[in-house]
Amino acid sequence: MSRNFLAFPAPAKLNLYLHIVGRRPDGYHLLDSHFRLIDLADTVEVAVRDDGHIELEAPTPGVAPEDDLVVRAARCLQAATGTRLGASLRLTKRIPMGAGLGGGSSDAATVLMALNRLWETGLDRRALMELAVGLGADVPFFIFGRSARATGIGEILGDLPAPAAWYVVLRPPVHVPTVDAFKFFSRKGLTRESGVDIMQTLETTQRSRNDLQDAVCEMFPVVAEALKSLKNYGAPLMTGSGSCVFLACETQDQSNRILTALSDKWDGFVARGLNVHPLYDRV
Ligand SMILES: C[C@@](CO)(OP(=O)(O)O)[C@H](O)COP(=O)(O)OP(=O)(O)OC[C@H]1O[C@@H](n2ccc(N)nc2=O)[C@H](O)[C@@H]1O
Ligand SMILES: Nc1ncnc2c1ncn2[C@@H]1O[C@H](COP(=O)(O)OP(=O)(O)O)[C@@H](O)[C@H]1O
């Protein structure tokens with residue numbers, strides 16, 4: 001049966017700083033991080049089914065369909081709203097996985113926003129964000145949908161504008177499991193005491209720092225090498241739990257020139273910072 005698929009973008013994100021300021025009893029770490037959307041995006045295609053089934057037409061490489069975040073997001077919205085409708089899903093992956101770019105989380109957020117509209121379940125942004133945190137700590141950010149300061153485990157979000165910027169992003173050929181990055185970090189006892197009003201100290205200390213960076217560089221020295229390559233051009237940073245590293249540039253041309261200069265050694269891409277999620281007004 002031919003179905004009427006509609007396509008929705010799922011943009012990636014960078015962490016312009018990532019501070020770990022504590023740890024919850026359940027083991028999740030308390031963060032203070034600046035999340036910024038970029039124009040690299042996956043595409044999620046959705047067709048409503050009236051039989052209630054959730055079907056992913058082709059598996060995401062390395063992910064069992066029932067574990068796929070797009071399937072989990074659809075089932076989560078079904079359970080929360082009691083809708084009898086289902087969906088067929090197609091996913092076009094462009095965001096590297098395990099790269100600190102939030103690809104899986106963004107895919108999940110796009111499914112929640114798209115199906116909330118197509119199933120007419122009528123949840124508001126706040127309700128969708130509350131559902132989202134059960135799918136992943138940085139899923140709520142993509143529903144919040146604009147440059148944000150994230151605290152808590154990443155689910156408490158407030159506006160924090162980012163300067164217009166282009167980013168050159170290098171992609172070391174390793175997949176960093178988020179859980180391993182945090183585990184390695186905590187084993188080294190580098191967690192700062194919680195409760196510090198980081199925005200005050202941020203004025204006096206260097207803001208753009210990723211507290212997971214040293215741990216990931218120790219686990220994957222190739223990430224340290226990628227940072228070193230970019231250090232010739234400015235002050236690079238790893239995004240999220242890695243493996244990607246990035247450098248902010250004022251112009252697209254500057255980003256392209258740096259990527260070209262490093263292209264014999266590194267895979268990478270140039271991305272433009274976004275102020276709002278492409279689906280922002282569709283919630
Ligand atoms: C680290 C960040 C920073 O933006 O980005 P990514 O590197 O994933 O892109 C995010 O907080 C990742 O969010 P997300 O990828 O959704 O993580 P989850 O699936 O919720 O958690 C995976 C595992 O990471 C650890 N984890 C995650 C978030 C957090 N604040 N503290 C943690 O300790 C937990 O062990 C958890 O079981
Ligand atoms: N649709 C999906 N796209 C990407 N990863 C997915 C998806 N569904 C589940 N995953 C799992 O989520 C993990 C985190 O993926 P992703 O969010 O892209 O990376 P990161 O957490 O480094 O930003 C992947 O390693 C994969 O095992």
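Residues numbered from 1 in each chain as written. Chains lettered and ligands numbered in written order. Predicted model: local features only at pLDDT ≥ 70, side-chain atom pairs only at ≥ 80, totals over all residues. Heavy atoms only, no water.

**Student:** What exactly am I supposed to notice about the environment of Arg-272 here?
**Tutor:** Tracing the backbone through its elements, the reader meets Arg-272 in strand 10 (residues 268-274). Once the C-alpha coordinates of Arg-272 and Thr-260 are considered, the two residues, 12 residues apart in sequence, prove to be 17 Å apart. When near neighbours in sequence (up to four residues on either side) are disregarded, Arg-272 contacts Leu-37, Ile-38, Asp-39, Ala-165 and Trp-166. (Helix = DSSP H or I, 4+ residues; strand = E, 2+ residues; numbered from the N terminus. Contact = heavy atoms within 4.5 Å.)

**Student:** I tried to follow the packing of helix 1 (residues 69-81) against helix 2 (residues 103-118) on my own but got confused; where do I start?
**Tutor:** Angle between the axes and distance between the axes: these two values describe a pair of packed helices. Interhelical geometry of helix 1 versus helix 2 gives an angle of 35° and a closest axis separation of 8 Å. Pair helix 1 / helix 2 crosses with right-handed handedness. Note on element contacts: helix 2 touches helix 1 through Gly-104, Ser-105, Asp-107, Ala-108, Val-111, Leu-112, Leu-115 and Asn-116, opposite Leu-69, Val-70, Ala-73, Ala-74 and Leu-77. (Axes fitted to C-alpha atoms, helices over the stretch in contact; angles between N-to-C directions. Left-handed = near helix turned anticlockwise from the far one by under 90°.)

**Student:** Teacher, can you tell me more about the site of ligand 1 here?
**Tutor:** Around ligand 1 sit 21 residues, and of these His-29, Ala-137, Asp-138, Ile-153 and Ser-241 come closest. One of the side-chain N or O atoms of Thr-178 is found 3.2 Å from an oxygen atom in ligand 1. For ligand 1, the protein covers 83% of the area, taking 700 Å² as the surface of the free molecule. When residues of the shell around ligand 1 are traced back to their parent elements, those giving at least two are strand 1 (6-23), strand 2 (29-49) and helix 5 (178-187). Here the residues of the shell around ligand 1 sort into 9 nonpolar, 10 polar and 2 charged. Both domains that furnish three or more residues to the shell around ligand 1 are identified here as domain 1 (6-161) and domain 2 (166-274). (Near = heavy atom within 4 Å. Polar contact = N/O pair within 3.5 Å; in protein donor to acceptor, adjacent residues only side chain to side chain. Areas by Shrake-Rupley, 256 points an atom, 1.4 Å probe, with all protein chains shown as cover. Nonpolar A, V, L, I, M, F, W, Y, C, P; charged D, E, K, R; others polar. Domains from an automatic or database assignment.)

**Student:** I'm lost on the domain arrangement of the chain in this one. Help?
**Tutor:** By convention, interface size is frequently given as the accessible area that disappears when the constituent parts associate. What the domain assignment reports for the chain is domain 1 (6-161) and domain 2 (166-274). Spacing between the C-alpha centres of domain 1 and domain 2 amounts to 22 Å. Contacts between the two partners involve 28 residues from domain 1 and, on the opposite side, 37 residues from domain 2. Across the interface of domain 1 and domain 2, roughly 2700 Å² is buried in total on both sides, 63% from carbon and sulfur atoms. Three residues stand out in domain 1 for area buried against domain 2, namely Leu-18, His-19 and Ile-20, and they jointly supply 21% of the buried area on that side. Applying the counting rule to domain 1 against domain 2 returns 0 salt bridges. Applying the counting criterion to the domain 1 and domain 2 interface returns 17 residue pairs in polar contact (both at pLDDT 80 or more). (Buried area = accessible area lost by both parts, 1.4 Å probe. Salt bridge = Lys/Arg side-chain N within 4 Å of Asp/Glu carboxyl O.)

**Student:** Where do I start with the layout of surface pockets in this structure?
**Tutor:** Where empty space is left in the structure can be found by rolling a water-sized probe over the atoms. In this structure, the largest pocket occupies an estimated 1200 Å³ of space. Lining of the largest pocket is provided by 48 residues; of these, Ser-105, Asp-138, Thr-178, Val-179 and Ser-241 occupy positions nearest its centre. Listing elements by their share of the lining of the largest pocket, those giving two or more residues are strand 1, strand 2, helix 1, helix 2 and helix 5. Partitioning the lining of the largest pocket into residue classes produces 21 nonpolar, 17 polar and 10 charged. Viewed by domain, the lining of the largest pocket spans two of them, domain 1 (6-161) and domain 2 (166-274), each represented by three or more residues. (1 Å grid on protein atoms, 1.4 Å probe; cavity = no way out; pocket = protein on both sides within 12 Å on 5 of 7 lines; lining within 4 Å. Points joined across faces, edges and corners; volume = space filled by probe spheres on them.)

**Student:** What exactly am I supposed to notice about helix 9 (residues 252-262) here?
**Tutor:** Residues spaced three or four apart along an α-helix face the same direction, because each turn holds 3.6 residues. Restricting attention to buried positions, one finds in helix 9 the residues Ser-255, Ile-258, Leu-259 and Leu-262. An end-on view of helix 9 places all buried positions within 100° of arc, on one side of the element. Exposed side of helix 9, more than 90 degrees from the buried face: Arg-257 and Thr-260 are the residues found there. The inward-facing, buried residues of helix 9 abut strand 7 (166-170), helix 8 (221-231), strand 9 (245-249) and strand 10. (Buried < 20%, exposed > 50% of the residue type's maximum accessible area, 1.4 Å probe, protein only. Arc of directions from axis to C-beta.)

**Student:** What's the story with the UniProt feature "binding site: ATP" (unreviewed entry) in the chain in this structure? I'm lost.
**Tutor:** The UniProt entry lists Pro-96, Met-97, Gly-98, Ala-99, Gly-100, Leu-101, Gly-102, Gly-103, Gly-104, Ser-105 and Ser-106 under the feature "binding site: ATP" (unreviewed entry), expressed in the numbering used here. Lining the largest pocket, from the residues named above, are Pro-96, Met-97, Gly-98, Ala-99, Gly-100, Leu-101, Gly-102, Gly-103, Gly-104 and Ser-105. Following the sequence through the fold, Met-97 ends up in the loop between strand 4 (86-92) and helix 2. With relative accessibility at 32%, the residue Met-97 sits in the partly exposed group. Beyond its immediate sequence surroundings of up to four residues, Met-97 is in contact with Thr-60, Pro-61, Val-63 and His-175. Turning to its location among the elements, Gly-102 is positioned in the loop between strand 4 and helix 2. (UniProt positions renumbered as here; feature names shortened; annotations may be inferred.)

**Student:** Even after reading the chapter, I still don't get the nonpolar core, so can you show me in this structure?
**Tutor:** Taken as a class, soluble globular proteins show a tendency for nonpolar side chains to be buried jointly. Within the largest apolar cluster, 40 residues are counted, with the highest numbers of intra-cluster contacts made by Val-46, Leu-89, Leu-112, Leu-115 and Ile-143. For this core, the element with the most residues is helix 2, which contributes 7 residues. Apart from residues lying up to four places away in sequence, Ile-143 is in contact with Ala-109, Leu-112, Met-113, Arg-125, Leu-128, Met-129 and Ala-132. The next biggest cluster of nonpolar side chains, apart from the first, holds 27 residues, and it includes Ala-215, Val-216, Ala-226 and Leu-247. (Core = buried A, V, L, I, M, F, W, Y, C linked by side-chain atoms within 4.5 Å.)

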